[in-house]
Amino acid sequence: MSKLAPDLDFITIALTSIEKVEKVSLISIDKHQRQLPAILVACGLCILTTTISLILFHRIDHANIIMLYMLATVGVAWRFSQRIAMLAAFINVFCFNWFFR
């Protein structure tokens, strides 16, 4: 084929089935190990937001407390994955309902 079209570049990449399996297993293990610090950071940010909201509870309105929780959720979503952001959103809703309702 390269003789018929000398102006085209051909790149051949081939992996054996063993190499594919090893790469997939390493990626899945690495992915789960990287999510634990993200979960801990998200939970820590939710706790920090709750602490700040409890301190400011008598000075600001409920709508502003909700905005603090939304800001924390957006921060987690901006830095981490969608699943971690959903976890942070559920934790923030639970904390707001538990402490402020």
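Before any of the text, the structure's been laid out above.
Residues numbered from 1 in each chain as written. Predicted model: local features only at pLDDT ≥ 70, side-chain atom pairs only at ≥ 80, totals over all residues. Heavy atoms only, no water.

*Asks:* How should I be thinking about the environment of A85 in this particular structure?
*Replies:* For A85, the location among the structural elements is in helix α3 (residues 82-100). Given the relative accessible area of 9%, A85 is considered buried. For A85, the residues in contact, after removing those within four places along its chain, are T73, V76 and A77. (Helix = DSSP H or I, 4+ residues; strand = E, 2+ residues; numbered from the N terminus. Buried < 20%, exposed > 50% of the residue type's maximum accessible area, 1.4 Å probe, protein only. Contact = heavy atoms within 4.5 Å.)

*Asks:* I would appreciate a short explanation of the packing of helix α2 (residues 62-79) against α3 in the present structure.
*Replies:* For any two helices packed against each other, the geometry comes down to the angle between their axes and how far apart the axes lie. In contact at an axis separation of 8 Å, α2 and α3 are set at 160 degrees when each is read in the N-to-C sense. With respect to each other, α2 and α3 are oriented roughly antiparallel. In this structure, α2 meets α3 at a crossing whose hand is right-handed. Facing H62, I65, I66, Y69, A72, T73, V76 and A77 of α2, the residues of α3 in contact are I84, A85, A88, A89, N92, C95, F96 and F100. When the residues that make up the contact of α2 with α3 are grouped by side-chain class, the tally is 13 nonpolar, three polar and no charged. (Axes fitted to C-alpha atoms, helices over the stretch in contact; angles between N-to-C directions. Parallel < 35°, antiparallel > 145°, perpendicular 65-115°, else oblique. Left-handed = near helix turned anticlockwise from the far one by under 90°. Nonpolar A, V, L, I, M, F, W, Y, C, P; charged D, E, K, R; others polar.)

*Asks:* I'm lost on the packing of aromatic side chains in this one. Help?
*Replies:* In this description, a pair of aromatic rings is defined by centroid distance and the angle of the planes. Under the defined criterion, the tally for this structure stands at five aromatic pairs. Taking 5.4 Å as the distance between ring centres and 35 degrees as the angle between the ring planes, the aromatic pair formed by F57 and F100 counts as tilted. Residue F57 is located in the loop between α1 (17-55) and α2, and its partner F100 is located in helix α3; the two are separated by 43 residues in the primary sequence. Relative accessible area serves as the criterion here: at 29%, F57 is assigned to the partly exposed category. Accessibility expressed as a relative area gives 6% for F100, which makes it buried. For the ring pair F96 and F100, a centre distance of 5.7 Å and an interplane angle of 35 degrees mean the geometry is tilted. Here F100 and F96 lie together in helix α3, a separation of four residues that amounts to about one turn. For the pair shown, F96 and F100 are each scored as buried. Put simply, the rings of F57, Y69, F96 and F100 pair up and form one aromatic cluster. (Phe/Tyr/Trp six-rings, centres within 6.5 Å; stacked < 30°, edge-to-face > 60°.)

*Asks:* Sorry, what's going on with the nonpolar core here?
*Replies:* For soluble globular proteins, nonpolar side chains are generally found buried alongside one another. Within the largest apolar cluster, six residues are counted, these being A38, A42, C46, V76, I84 and A88. Elements that contribute at least two residues to this core include exactly α1 and α3. No other element matches the three residues that α1 contributes to this core. Non-local contacts of I84, meaning those with residues more than four positions away in its chain, are made with Q35, A38, I39, A42 and V76. (Core = buried A, V, L, I, M, F, W, Y, C linked by side-chain atoms within 4.5 Å.)

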